[in-house]
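A structural walkthrough
Listed here are the chains, written in short residue letters.
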Amino acid sequence: MYRNLSPHQIVGTSETIRRRIAERFPASGLSQVAGEVSEVAGEAAALYQWLARPNIPFRILAGLGIAAIVAVVAAAVAAIDVHVGFSGLGDLLQGLEAAINEVIFLGIAVYFFLTLETRRKRTRVLKAIHALRSLAHIIDMHQLTKDPDRLTSPVSDTGSSPVRTLTAPQLNRYLDYCTELLAVLSKVAALYVQEFHDPVSLAAVNDIEELASGLSRKIWQKIVILDRMIAPA
């Protein structure tokens, strides 16, 4: 029961985080990003179900294509004159080379049809993962200027300095929400390959998980500094 990710739980968690951010920071850009994450999680649940189901039209097409190849090969073999001889070693090698080339081309054609469904699903997964990667970087941009050291820095702001209105506890919650959103993105990516065992897609998911983990580590460094600032002396 607890060995697989539940798409409904991921959607519910992302929606809960969205509401928490909207309630605490209603006019913030992070609230809008949380809405996008929640929407992506909902789309991921639908994509997960699509990936888990066999694609019958593609399988029928693959079967027809392979059957056509077999029929062509059978017809070609039936038409071969088995009494044809070879006048020398050169003719024999030339005949073997032609036969090997035909086998290779036929193998490529069969492989094309056998992987038709996988390649179709892989295309959708990689497109969805690209959206997750963009969202992860957007979340990182929102926390980029949230520097805890500025709360106690005696250096005055310039005209181009970012507006800093958050208190230390508020900034702590803001950064914590960023890590939660990154965690949701990581789980959404893992959901794509839970029932779709494609090495290329799995590698792309691993890249997203590493990206989310790396960005979260940077944010947690800021949270640790804020915890020391908030903690009573």
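This text gives an overview of the structure that appears in the document. Worth saying up front: this structure is predicted, and the values here are computed from it rather than measured.

Definitions and cut-offs
Residues numbered from 1 in each chain as written. Predicted model: local features only at pLDDT ≥ 70, side-chain atom pairs only at ≥ 80, totals over all residues. Heavy atoms only, no water. Core = buried A, V, L, I, M, F, W, Y, C linked by side-chain atoms within 4.5 Å. Buried < 20%, exposed > 50% of the residue type's maximum accessible area, 1.4 Å probe, protein only. Helix = DSSP H or I, 4+ residues; strand = E, 2+ residues; numbered from the N terminus. Contact = heavy atoms within 4.5 Å. Polar contact = N/O pair within 3.5 Å; in protein donor to acceptor, adjacent residues only side chain to side chain. Phe/Tyr/Trp six-rings, centres within 6.5 Å; stacked < 30°, edge-to-face > 60°. Lys NZ or Arg CZ within 6 Å of the ring centre and 35° of its normal. Salt bridge = Lys/Arg side-chain N within 4 Å of Asp/Glu carboxyl O. Patch = residues over 30% accessible without salt bridge, like charges linked within 9 Å, V, L, I, M, F, W, Y side chains within 5 Å. Areas by Shrake-Rupley, 256 points an atom, 1.4 Å probe, with all protein chains shown as cover.

Quick look at the nonpolar core
- Counting residues in each nonpolar core, the largest one holds 46 residues, and the members touching the most others are Val188 and Tyr192.
- Secondary-structure elements contributing two or more residues to this core are α1 (7–24), α2 (29–52), α5 (116–144), α6 (168–192) and α7 (199–230).
- If you tally residues by element for this core, the top one is α6, at 14 residues.
- Excluding its chain neighbours within four sequence positions, the residues that come into contact with valine 188 are Ile10, Val40, Ala41, Ala44 and Leu132.

What about the environment of arginine 173?
- Looking at where arginine 173 falls in the secondary structure, it is placed in helix α6.
- As a C-alpha pair, arginine 173 and isoleucine 21 span 152 residues in sequence and 9.1 Å in three-dimensional space.
- Sequence-distant contacts of arginine 173, that is, excluding residues within four places in its chain, are made with Arg20, Arg24 and Phe25.
- For arginine 173, the side chain forms a polar contact with the side chain of aspartate 176, separated by 2.7 Å.

Brief notes about the packing of aromatic side chains
- Summed over the entire model, instances satisfying the criterion amount to two aromatic pairs.
- Ring centres of phenylalanine 25 and tyrosine 174 lie 5.4 Å apart, and the angle between their planes is 75°; this geometry places the pair in the edge-to-face category. Placement of the pair is phenylalanine 25 in the loop between α1 and α2 and tyrosine 174 in helix α6, with a sequence separation of 149 residues. An identical accessibility class is assigned to phenylalanine 25 and tyrosine 174; each is buried.
- Ring geometry for phenylalanine 25 versus tyrosine 177: centroids 6.2 Å apart, planes at 85°, classification edge-to-face. Remark: tyrosine 177 occurs in helix α6 and phenylalanine 25 occurs in the loop between α1 and α2; sequence separation between them is 152 residues. By the burial criterion, phenylalanine 25 is buried, and tyrosine 177 matches it.
- Here the guanidinium or amino end of arginine 173 rests over the ring plane of tyrosine 177, the centre of that ring lying 4.7 Å away.

Details of the pattern of salt bridges
- Using the criterion set out here, one finds seven salt bridges in the structure.
- With its nearest N and O atoms 2.6 Å apart, the salt bridge here joins arginine 18 to glutamate 15. With arginine 18 and glutamate 15 both in helix α1, this residue pair falls three residues apart, about one helical turn.
- Arginine 18 gets classed as partly exposed once you look at its relative accessible area, which sits at 26%.
- Under the relative-accessibility criterion, glutamate 15 is labelled partly exposed at 24%.
- Residue arginine 20 pairs with glutamate 180 through a salt bridge whose shortest N-O separation is 3.1 Å.

Some words on a nonpolar patch on the surface
- Judged by side-chain polarity, Ile100, Ile104, Phe105 and Ile108 come together as a nonpolar surface patch covering roughly 420 Å² of accessible area.
- If you trace the backbone, isoleucine 104 turns up in helix α4 (residues 89–114).
- Classification of isoleucine 104 by relative accessible area gives partly exposed; the value is 44%.

Comments concerning the side chain of glutamate 117
- Mapped onto the elements, glutamate 117 comes out in helix α5.
- If sequence neighbours within four positions are ignored, glutamate 117 has contacts with Arg53, Pro54, Asn55, Phe58 and Arg59.

Observations concerning the environment of arginine 133
- Following the sequence through the fold, arginine 133 ends up in helix α5.
- Taking the relative accessible area as the measure of exposure, arginine 133 reaches 30% and is therefore partly exposed.
- Taking the C-alpha atoms as reference points, arginine 133 and serine 186, separated by 53 residues in sequence, lie 9.7 Å from one another.
- Those residues within four positions of arginine 133 in sequence are excluded, and the remaining contacts are Ile208 and Leu211.

That's the geometry; what it means functionally is another story.
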